[in-house]
Amino acid sequence: MKIIIKKTAIDKYKKGYPILSSNYINYSYKNEDQGKIVDLVDYNENFIAKAYLGKQNKGLGWVFSNKQNTSLDNSFFKDKIEKAISLRSKLFKDCHTNAFRLFNSFGDGIGGITIDYYAGFLVINWYNKGILKYKDLIIQNLLNSGKAKGIYQKFKFKHENTKEYVNHIYGKKAPQSFFILENGVKYCINFEDGEMVGIFLDQREVRKLLTSSFSQEKSVLNTFSYTGAFSIAGLAGSAKSTTSVDLAKRSLLKTLDNLKINNLTTDQQEIIVEDVFNYFKYALRKKLLFDILILDPPSFAKSKKRSFSVLNDYSALVQMIIPLVAKSGYIIASTNNSQLPLDKFKDMVEKGIASHNRPFEIKQIFRLPQDFSVNPVYPQGNYLKVLLLKLD
């Protein structure tokens, strides 16, 4: 099967552009084509690239080679998985960290799939029906790698098994609740408690900063705190106190679990189950000040009283919290919204600070850690943007 690339996009695909975008190709999606291998060609039918069809939110499929004789066979998947493991050899040997991204979609050469490693257990994330055609080959090569005590899967699209967020499919079962290590700090993991397992692996370098002397004797406000991972990292770095705020009721118990496994007391730690915006109003009334304030909201959030969108509301969010930042204090401003370029995100954060006329400096910018491999032809794949700002 051949699909013609539009003239304006031929150079993109020659350079390795990974996504079959409906804007760039002449093809009408058919459900029965899921998983099919196609040749991408120009108008003269000259070969450009090989791709498989698999519809998901980003496009209609994924390019996997610029060589015409490449097939999605056992040797292909064996090569890609072995290379991915080799690139993460230092992490496999790291006695202080045993959870990371093992395979990062098209950054490692196969779009539509990511694989996370949690202390010997693998979680495969499937993003479209097309890639499932090659499920057996992928799993067999993961088993052959010797890196998996057990394998789980998650479907990130509508599928008959989506009632169960994470399904065990091979090998040993993980304990219902267990811990992983990251930078020497323990974090609780639970594969059976909803779609998210307990930690966002892409924030490892930010947590590493917090575990360092950076947090020493500082007060930390961790908003949209989820399981309190940033707070735990700050306490590991000898923070004076932490305040974790999240609307979800389960955040309280999960944060307490993380404190407990690290032998940390709750004496100087507040865990507040409340709408973050309501907490800001309370903190402003009480004239509370924090040395480090962490903003890591979801791209979209909705409660009974309000909705929040990173693209529309991040500047206002920053503007709201500036009075809570102590003199010479820090903001860690974060988003994982792939639609928001770094420059625009910086502008939004700076606009929020400028409304208070407080001098500030961007001290450091974090992007995805190395295990989250990025295709340089598709910079949007480096979705994480974290700014460390110091305010006078």
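Residues numbered from 1 in each chain as written. Predicted model: local features only at pLDDT ≥ 70, side-chain atom pairs only at ≥ 80, totals over all residues. Heavy atoms only, no water.

Most often, soluble globular proteins have nonpolar side chains that are buried together. Core analysis: the biggest nonpolar cluster contains 49 residues, and Tyr 13, Leu 20, Leu 40, Ile 113, Trp 126, Ile 138 and Leu 142 have the highest contact counts within it. Beyond its immediate sequence surroundings of up to four residues, Tyr 13 is in contact with Ile 5, Ile 19, Leu 20, Ser 21, Tyr 24, Ile 25, Leu 40, Ile 48, Val 63 and Asn 66. Judged by nonpolar contacts, the second largest core, of 39 residues, contains Val 206, Leu 209, Phe 366 and Leu 384. (Core = buried A, V, L, I, M, F, W, Y, C linked by side-chain atoms within 4.5 Å. Buried < 20%, exposed > 50% of the residue type's maximum accessible area, 1.4 Å probe, protein only. Contact = heavy atoms within 4.5 Å.)

A few words on helix α11 (residues 342-354). Over its 13 residues, α11 runs 18 Å from end to end, which matches the ideal 18 Å to within 8%, given 1.5 Å per residue. Within the sequence span of α11, burial applies to Leu 342, Phe 345, Met 348, Val 349, Gly 352 and Ile 353. Taken end-on, α11 shows its buried residues confined to a sector of 135°, consistent with a single buried face. Counted as exposed and oriented over 90 degrees from the buried face of α11: Asp 343 and Lys 351. In this structure, the buried side of α11 is in contact with α10 (310-321), β19 (325-335), β20 (360-366) and β21 (385-391). (Helix = DSSP H or I, 4+ residues; strand = E, 2+ residues; numbered from the N terminus. Expected span 1.5 Å × (residues − 1). Arc of directions from axis to C-beta.)

Overall, the coordinates contain 11 salt bridges when judged by the stated rule. Here Asp 79 makes a salt bridge to Lys 83, at a shortest N to O gap of 3.5 Å. Note that Asp 79 and Lys 83 are positioned in helix α2 (residues 74-87) at a spacing of four residues, about one turn of the helix. Looking at Asp 79, the relative accessible area reads 32%, which means it is partly exposed. Among the residues examined, Lys 83 registers a relative accessible area of 49% and is labelled partly exposed. The shortest N-O distance in the salt bridge between Arg 101 and Asp 116 comes to 2.4 Å. A residue pair is termed long-range when its members are at least 10 positions apart, and Arg 101 in strand β6 (residues 99-104) and Asp 116 in strand β7 (residues 113-118) qualify at 15 residues. (Salt bridge = Lys/Arg side-chain N within 4 Å of Asp/Glu carboxyl O.)

Another aspect to go through is the sheet that holds β6. A sheet is described by the order of its strands in space; here five strands give the open sequence β6-β7-β8-β9-β10, paired in mixed fashion. At either end of the open sheet lies a strand with only one pairing partner, and these are β6 and β10 (167-171). Going across the sheet, the axis of each strand differs from the next one's by a mean of 25°, ignoring polarity. As defined by bridge partners, β6 adjoins β7 across five bridges and the pair is classed as antiparallel. Along β7, the bridge assignment pairs Asn 104 with Thr 114. (Pairing = 2+ DSSP bridges. Axes fitted to C-alpha atoms, helices over the stretch in contact; angles between N-to-C directions.)

Structural measurements only, silent on function.
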